[in-house]
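# What the coordinates show
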Amino acid sequence: AQSVTQLDSHVSVSEGTPVLLRCNYSSSYSPSLFWYVQHPNKGLQLLLKYTSAATLVKGINGFEAEFKKSETSFHLTKPSAHMSDAAEYFCVVSDNQAGTALIFGKGTTLSVSS
Amino acid sequence: NAGVTQTPKFRVLKTGQSMTLLCAQDMNHEYMYWYRQDPGMGLRLIHYSVGEGTTAKGEVPDGYNVSRLKKQNFLLGLESAAPSQTSVYFCASSYTPRAVGQYFGPGTRLTVT
């Protein structure tokens, strides 16, 4: 069965420093992987997606993620954090070959201090 | 183009009461989903639909029913609410989820006392 593990429940960074949110996955299929962001009391917004094209995926707001099959990882990075990046981030994998359901990680809360 | 909308935004129920949550999308998407979000649990899939007139169970379907009578609407019903169903409920839709990802509504915060 597919699963996803977000290795940190909470990450704190200073404004202007790099961000690294870690995600490992397991999948029997060639997976599709996603990162979603949720700001407080808001819905979820798609940041970026990997669907077996380029392994380095660029998303919105300067975020990117690299798919590493050998490490079964899909870590999210950003070179320089901004205060507005403070939110909860979810790593997500497609549940099955048809992709009709998504499996969510438990989330990583990113705090950004000035 | 409103995207995915959910009605209501907030609701408080007493144990044993029933209610229906409405999800509507105007993007002509085939796939629709209902999730619940609980602290420290991420989102868990309740039910989903791959087209008008179809429904299927997700990870946590017990205590919920769904209907997809029209392509643009996906209803989530609680027949007899329990405190364990206190949660934030999100609806999502997509054309082809594997390639594109899902579009989420703003959520419904439900409290069962």
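Below or above, wherever it landed, is the structure these notes cover. Everything quoted here is computed from the prediction, not taken from an experiment. (Residues numbered from 1 in each chain as written. Chains lettered and ligands numbered in written order. Predicted model: local features only at pLDDT ≥ 70, side-chain atom pairs only at ≥ 80, totals over all residues. Heavy atoms only, no water.)

## Let's talk about the state of the cysteines
Under the criterion given, the structure shown has two disulfides over all chains. Through a disulfide, Cys23(A) is tied to Cys91(A); the S-S separation comes to 1.9 Å. Taking the sign of the S-S torsion, -70 degrees for the link of Cys23(A) and Cys91(A), the bridge is left-handed. Of this pair, Cys23(A) sits in strand 4 (residues 23-26) while Cys91(A) sits in strand 10 (residues 87-94), and the two are 68 residues apart along the sequence. Take Cys23(A) and Cys91(A): they sit in the same class, and that class is buried. A sulfur-sulfur separation of 1.8 Å characterises the disulfide bridge that pairs Cys23(B) with Cys91(B). (Disulfide = S-S within 2.5 Å. Helix = DSSP H or I, 4+ residues; strand = E, 2+ residues; numbered from the N terminus. Buried < 20%, exposed > 50% of the residue type's maximum accessible area, 1.4 Å probe, protein only.)

## Considerations on the nonpolar core
Formed by 26 residues in total, the largest nonpolar core has its most connected members in Trp35(A), Leu48(A), Phe74(A), Leu76(A) and Tyr89(A). The element best represented in this core is strand 10 of chain A, accounting for four residues. If we ignore the near neighbours within four places in the chain, the residues touching Phe74(A) are Cys23(A), Leu33(A), Phe34(A), Trp35(A), Leu48(A), Tyr50(A), Ala65(A), Glu66(A), Phe67(A) and Cys91(A). Counting 19 residues, the second largest nonpolar core, distinct from the first, contains Cys23(B), Val60(B), Leu110(B) and Val112(B). (Core = buried A, V, L, I, M, F, W, Y, C linked by side-chain atoms within 4.5 Å. Contact = heavy atoms within 4.5 Å.)

## Observations regarding the interface of chain B and chain A
Taken together, the contact between chain B and chain A spans 22 residues of the former and 25 residues of the latter. At the junction of chain B and chain A, the tally comes to zero salt bridges. Inspection of the chain B/chain A interface yields two residue pairs in polar contact (both at pLDDT 80 or more). Secondary structure elements with two or more residues in the side of chain B that touches chain A: strand 4 (31-38), strand 5 (42-49) and helix 1 (97-100) of chain B. Residue classes in the side of chain B that touches chain A are distributed as 14 nonpolar, six polar and two charged. (Salt bridge = Lys/Arg side-chain N within 4 Å of Asp/Glu carboxyl O. Polar contact = N/O pair within 3.5 Å; in protein donor to acceptor, adjacent residues only side chain to side chain. Nonpolar A, V, L, I, M, F, W, Y, C, P; charged D, E, K, R; others polar.)

## Concerning unusual backbone geometry
Of note, the amide linkage connecting Thr7(B) to Pro8(B) takes the cis form, showing an omega dihedral of -5 degrees. Backbone geometry at Asn61(A) places phi at a positive 60 degrees, although glycine is not the residue there. Following the sequence through the fold, Asn61(A) ends up in the loop between strand 7 (56-58) and strand 8 (64-68). Classification of Asn61(A) as exposed rests on a relative accessible area of 51%. Positive phi values are uncommon outside glycine, yet Thr72(A) reaches one of about 45 degrees. Structurally, Thr72(A) is set in the loop between strand 8 and strand 9 (73-78).

## Thoughts on the sheet that holds strand 8 (residues 73-78) of chain B
Residues and elements named next belong to chain B. With respect to topology, four strands assemble into an open sheet ordered 1-3-8-7, the strand pairing being antiparallel. Sheet topology places strand 1 (4-7) and strand 7 (64-67) at the edges, where each strand pairs with a single neighbour. Sheet twist, expressed as the mean angle between neighbouring strand axes with direction ignored, is 20 degrees. As defined by bridge partners, strand 1 adjoins strand 3 (residues 19-25) across four bridges and the pair is classed as antiparallel. Considered in strand 3, the bridge of Thr5 is made with Ala24. (Pairing = 2+ DSSP bridges. Axes fitted to C-alpha atoms, helices over the stretch in contact; angles between N-to-C directions.)

## Comments concerning the packing of aromatic side chains
Counted according to the given criterion, the structure contains 14 aromatic pairs over all chains. Ring centres of Tyr36(A) and Phe104(A) lie 6.1 Å apart, and the angle between their planes is 35 degrees; this geometry places the pair in the tilted category. Note that Tyr36(A) is positioned in strand 5 (residues 33-38) and Phe104(A) in strand 11 (residues 102-104), a separation of 68 residues in sequence. Classification of Tyr36(A) as buried rests on a relative accessible area of 0%. According to the relative accessible area criterion, Phe104(A) is buried, its value standing at 8%. Judged by centre distance (6.4 Å) and plane angle (25 degrees), the rings of Tyr33(B) and Tyr48(B) are stacked. With Tyr33(B) in strand 4 and Tyr48(B) in strand 5, this residue pair connects regions lying 15 residues apart in the sequence. The exposure class of Tyr33(B) is buried, given its relative accessible area of 0%. Residue classification places Tyr48(B) among the buried residues on the basis of a relative accessible area of 14%. Among the aromatic residues, those joined into a ring-pair cluster are Phe34(A), Tyr36(A), Phe90(A), Phe104(A), Tyr33(B), Tyr35(B), Tyr48(B) and Phe104(B). (Phe/Tyr/Trp six-rings, centres within 6.5 Å; stacked < 30°, edge-to-face > 60°.)

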